[in-house]
Structure formats: structure tokens, C-alpha cells
Amino acid sequence: MTVNNAAPAAITRMNGHIMSETDPLSGYGEVEWRIGANTGSYAVPFGTGTRSLPVTLDISSPGVGNGSFVLATYPTDPFATPNNRPLPAGVSALIDPVGSENAPNVLDRYWPVTTFNFTSAPTASLTFTYRDSEWNGGTNTIMESSLQAQHFNGVQWSQPPNGIANTTLNTLTTAQTGTFDFVWALVQGSTPLPVELLFFGAEANGDEVLCHWVTATEFDNDFFSVERSSGRHQLPRRRRSRRCW
């Protein structure tokens, strides 16, 4: 669906919903809104057919160019093991900062949000709406009041998570951002999606081995533990810890 009218009131919900609920395997049910250099509150009246689940863009600073937002949303089965599947296109796993499956701490709905044709993107906050069953159902272990938002740009998850949940309205509003990237997820703030390791290398230095690594993002990370063994099939013989500053 493409909306060529750039006014915030170009879509006004009277009743009914825009059905977006298809996952990447079937193809996202996308709405493109050609906003251009405008500001205001843009509400896309997504819904399931029985429940309204709008996404609202509150644009405070206009973008540069005749640009568009493209938005979609889809739910996942909270009873699956693991849940939060299928993952959005481009996302290969959901792991926490210690490398464990993080699906029980991630709400069972995703929001792909992208922009194009802007030479400089607008600044906006986003408000996402979800159902209770998507955070408290199945294998989830989420405290609703601790929900925060992260977005994935095809390489890494944004850090730190941000946003304020309204548990009465089942909404979460993000901080102002000019980066919308590829897909948004709502996670329990104490268990965000992961540290991103860009590089790890090791080299001999006399009787010692020098290890060096580079991370793209870290959140609530105190130190790294590095283990070694003298043979491929032996257990680690020594552990070293290096504090991350």
C-alpha cells in the first residue's frame, strides 16, 4: 500500500485495520508513506482484524528530500521453542550478551521500518502497540514494565535499549532518533540483544599468547574470559580475565 499524500491526516481510521501480519517468508505487508519534508504525528492503523495495533511516527525535525517511510509488522508464536520465529530477513539469531538464546526475553512481534529517498532522515520517535499475549504468553519470561526497544541495521543491534512502556495501553514509545534501520524489537531491558564481536585474533609473543579483539557494541559488560588448552581435545587449562573499560 502506498500513500502519496504527505499530510499526517492522509490516513484517518474510522473502523477496521490495515492488515500487515505476514512474516518475511510470505513477504512483509508494507505501507509506504511518502512523507517528504514534513513533520507531525503519522499513525499507521495496523491491526489483526479484531485488535488495533497502530504504529505512530512523531516527526519533530523534517527529513531532506522527497523521502518515504516503509513500515510493516508481524507476530510470532510465543509457544514455539524457541519462539520469535521466523526471524526477520537479515537477522540470523537472537542471543543475549553471554551467548544464550534470548527469545524468552523478546516480545513476539517485529516491526520492519525503513526509509529511502532522504538525503538526511527525519528525527522522530516511534510508538509501537502490542498484545498482552505477545509478552506474557508461551515461553516468555518478560516483565512488561521493563520493555525497551532495539533496532537492527543488518549488522548489529542498537545499544543501549531505550523507550518507555505504557502497560495500560500496551504501547512503547522510543527516544527521538534519526536512524530507523531495518527492524525493531521490544526486549526486556535487563537482557538486551547482544554484544557484537567484530574481530578476534591471537599471536605468539615468546612464552605467551597475545589476544586482541574488537567489539561493535557492548551493554552491561564487565569483563571477558579467555580460555586456552594445549591440545584440540583437552579441557581448558587456564583462564584469564580482562576487564573491559
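Above: the structure in question.
What counts and how
Residues numbered from 1 in each chain as written. Predicted model: local features only at pLDDT ≥ 70, side-chain atom pairs only at ≥ 80, totals over all residues. Heavy atoms only, no water. Helix = DSSP H or I, 4+ residues; strand = E, 2+ residues; numbered from the N terminus. Buried < 20%, exposed > 50% of the residue type's maximum accessible area, 1.4 Å probe, protein only. Pairing = 2+ DSSP bridges. Axes fitted to C-alpha atoms, helices over the stretch in contact; angles between N-to-C directions. Salt bridge = Lys/Arg side-chain N within 4 Å of Asp/Glu carboxyl O.

Chemist: Describe unusual backbone geometry, listing the residues and the values that go with them.
Modeler: A negative phi holds for most residues other than glycine; trans holds for most peptide bonds. Between Thr 81 and the following residue, Pro 82, the backbone shows a cis peptide bond with an omega angle of -5°. Here the residue pair Arg 85 and Pro 86 is connected by a cis peptide bond, since its omega of 5° sits within 30 degrees of zero. Assignment of secondary structure puts Pro 86 in the loop between strand E6 (74-75) and strand E7 (106-116). Non-glycine residue Asn 117 carries a positive phi angle of around 70°. Relative to the helices and strands, Asn 117 is located in the loop between E7 and strand E8 (123-129). Using a relative accessible area of 53% as the deciding quantity, one classes Asn 117 as exposed.

Chemist: Describe the sheet that holds E8, listing the residues and the values that go with them.
Modeler: Taken together, the five strands give an open sheet; going across it, the order is E3-E4-E8-E11-E10, and neighbouring strands pair in antiparallel fashion. Both edges of this open sheet fall to strand E3 (40-44) and strand E10 (164-166), since each of them pairs with a single strand only. If you compare each strand with its neighbour and ignore which way they point, the axes differ by 20° on average. Where E8 meets strand E11 (residues 171-173), three bridges bridge the pair, whose relative direction is antiparallel. By the bridge assignment, Thr 129 is partnered in E11 with Thr 171.

Chemist: Before we move on, could you go through the pattern of salt bridges and cite the residues and values that matter?
Modeler: Side chains bearing opposite charge may pair, as long as their charged atoms lie close to each other. Under the defined criterion, the tally for this structure stands at five salt bridges. Linking Glu 101 and Arg 85 is a salt bridge whose minimum nitrogen-to-oxygen distance equals 3.1 Å. In this pair, Glu 101 is assigned in the loop between E6 and E7 and Arg 85 in the loop between E6 and E7, connecting sequence segments 16 residues apart. Taking relative accessible area as the criterion, Glu 101 reaches 36% and is therefore assigned partly exposed.

Honestly, it's all geometry; don't read function into it.
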